[in-house]
Amino acid sequence: MINIHSLMASVDAQGSIKTLADHLEFAEKFLDYTGLSKKDGLKINQANLQSLTVAINNHDYYFIQFPQSVNFSLTRPINKDLFLDINEFSHNKSEFLKIIKSVREIKDDSAKRELLNCFVYTCQMSIACTLDAFGNPNKARKKNGAYFENLIRYLVKECGIENSHAVEKINIGDQNIHERPFG
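Residues numbered from 1 in each chain as written. Predicted model: local features only at pLDDT ≥ 70, side-chain atom pairs only at ≥ 80, totals over all residues. Heavy atoms only, no water.

Trainee: Just to check I follow, could you spell out the overall build of the protein chain for this structure?
Mentor: When helices and strands are counted, the protein chain shows five helices and five strands. Of the regular secondary structure in the protein chain, the N- to C-terminal order runs α-α-β-β-β-α-α-α-β-β. The proportion of buried residues among the 183 residues of the protein chain is 36%. In the protein chain, the share of contacts with a sequence separation of at least 24, taken over all contacts with a separation of at least 6, comes to 52%. (Helix = DSSP H or I, 4+ residues; strand = E, 2+ residues; numbered from the N terminus. Buried < 20%, exposed > 50% of the residue type's maximum accessible area, 1.4 Å probe, protein only. Contact = heavy atoms within 4.5 Å.)

Trainee: How do you make sense of the sheet that holds strand E3 (residues 78–79) when you look at a structure like this?
Mentor: What links the strands of a sheet is backbone hydrogen bonding, and the strands pair in either a parallel or an antiparallel sense. A sheet is described by the order of its strands in space; here three strands give the open sequence E1-E2-E3, paired in antiparallel fashion. Of all strands in the sheet, those bounded by a partner on one side alone are strand E1 (51–54) and E3. (Pairing = 2+ DSSP bridges.)

Trainee: Would you mind showing me how to read the pattern of salt bridges here?
Mentor: Side-chain pairing between opposite charges can occur once the charged atoms of the two side chains come close. In total, this model carries nine salt bridges according to the counting rule given. Glu88 is the salt-bridge partner of Lys38, the closest N and O atoms lying 3.5 Å from each other. With Lys38 in the loop between helix H2 (20–34) and E1 and Glu88 in helix H3 (residues 86–101), the pair connects residues that are 50 residues apart, well separated along the chain. Between Arg76 and Asp132 there is a salt bridge; the shortest N-O distance is 2.7 Å. Taken together, the residues Arg76 in the loop between strand E2 (61–65) and E3 and Asp132 in helix H4 (residues 110–132) connect sequence positions 56 residues apart. Classification of Arg76 by relative accessible area gives partly exposed; the value is 23%. What emerges from the salt-bridge pattern is a single network uniting Asp12, Lys139 and Lys143. (Salt bridge = Lys/Arg side-chain N within 4 Å of Asp/Glu carboxyl O.)

Trainee: For this particular structure, what's the right way to read unusual backbone geometry?
Mentor: Glycine aside, residues mostly have negative phi angles, and peptide bonds mostly take the trans form. Although it is not a glycine, Asp40 adopts a positive phi angle of roughly 60 degrees. Looking at the element boundaries, Asp40 is found in the loop between H2 and E1. Despite not being glycine, Phe72 has its phi angle at roughly 55 degrees, a positive value. With respect to the secondary-structure elements, Phe72 resides in the loop between E2 and E3.

Trainee: Can you walk me through the nonpolar core in this structure?
Mentor: Soluble, globular proteins show a tendency: their nonpolar side chains are buried together. Of all hydrophobic cores here, the largest spans 47 residues; its most connected members are Ile4, Phe66, Ile78, Phe83, Phe89 and Phe96. Listed by contribution, the elements that provide at least two residues to this core are helix H1 (4–12), H2, E2, H3, H4 and helix H5 (137–158). Ranked by residue count, the leading element in this core is H4, at twelve residues. Look past the residues within four positions of Phe66 in its chain and what remains in contact with it is Ile4, Phe30, Tyr33, Leu49, Gln50, Phe72, Ser73, Thr75, Cys129 and Ala133. (Core = buried A, V, L, I, M, F, W, Y, C linked by side-chain atoms within 4.5 Å.)

Trainee: How should the pairing of E2 be read in this particular structure?
Mentor: The side chains of a regular strand alternate, first on one face of the sheet and then on the other. Burial of E2 is one-sided: the residues Tyr62 and Ile64 facing one way are buried, the residues Tyr61, Phe63 and Gln65 facing the other way are not. Where E1 lies against E2, four bridges are found, and the strand directions are antiparallel. Considered in E2, the bridge of Val54 is made with Tyr62. Between E1 and E2, which pair antiparallel and follow one another directly, the connecting turn spans six residues. Judged from the two bridges that link them, E2 and E3 form a sheet pairing that is antiparallel. For Tyr62, the partnering residue across the bridge sits in E3 and is Ile78.

Trainee: Is there a simple way to think about the packing of H2 against H4 in this case?
Mentor: Axes are the key here: two packed helices are described by the angle between their axes and the distance separating the axes. Interaxial distance between H2 and H4 falls to 9 Å at its minimum, and their mutual angle equals 65 degrees. The angle between H2 and H4 places the two elements in the roughly perpendicular class. Taken as a pair, H2 and H4 cross one another with a handedness that is left-handed. The residues of H4 that touch H2, namely those facing His23, Leu24, Phe26, Ala27, Phe30 and Leu31, are Phe119, Thr122, Cys123, Ser126, Ile127, Cys129 and Thr130. (Axes fitted to C-alpha atoms, helices over the stretch in contact; angles between N-to-C directions. Parallel < 35°, antiparallel > 145°, perpendicular 65-115°, else oblique. Left-handed = near helix turned anticlockwise from the far one by under 90°.)

In short, geometric facts, not functional conclusions.
Now the structure itself:
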């Protein structure tokens, strides 16, 4: 059974999300857990979550509050126009995978480009929101950044563009040489 603790264990474990398929599977589990539905307004699974709050100053954003077992942690703001609900995600997943394979052919297709953007946003925000449940913003930002870099790497690879992990050495003035991973 999916619960917030199993989702948290997945994002906390090193190497548990290592392919595009893993990202899609995790997002689907997160959406299933939240029960997020946009049909007839925003709704959540109240058995799993404490609340859903729409931002007062911008109604395009909302926050999810997790249960007491994770100290009622609150997610970062979620864009309702980009974040897919479970029905949208499940219904469009195969179309998303087709789009990735032919991404160069969709430059003039705004609907397919929007679907691509929504899938990437939903995959990444599912992880980011789960990391928010830890209640440690520094840890969440660092791990989320690493997951985002990997997601982009997997997407680029799925588009048929090879990439590899490398370390670039940069000399900054008279300081020591700094190494920064790329790829």
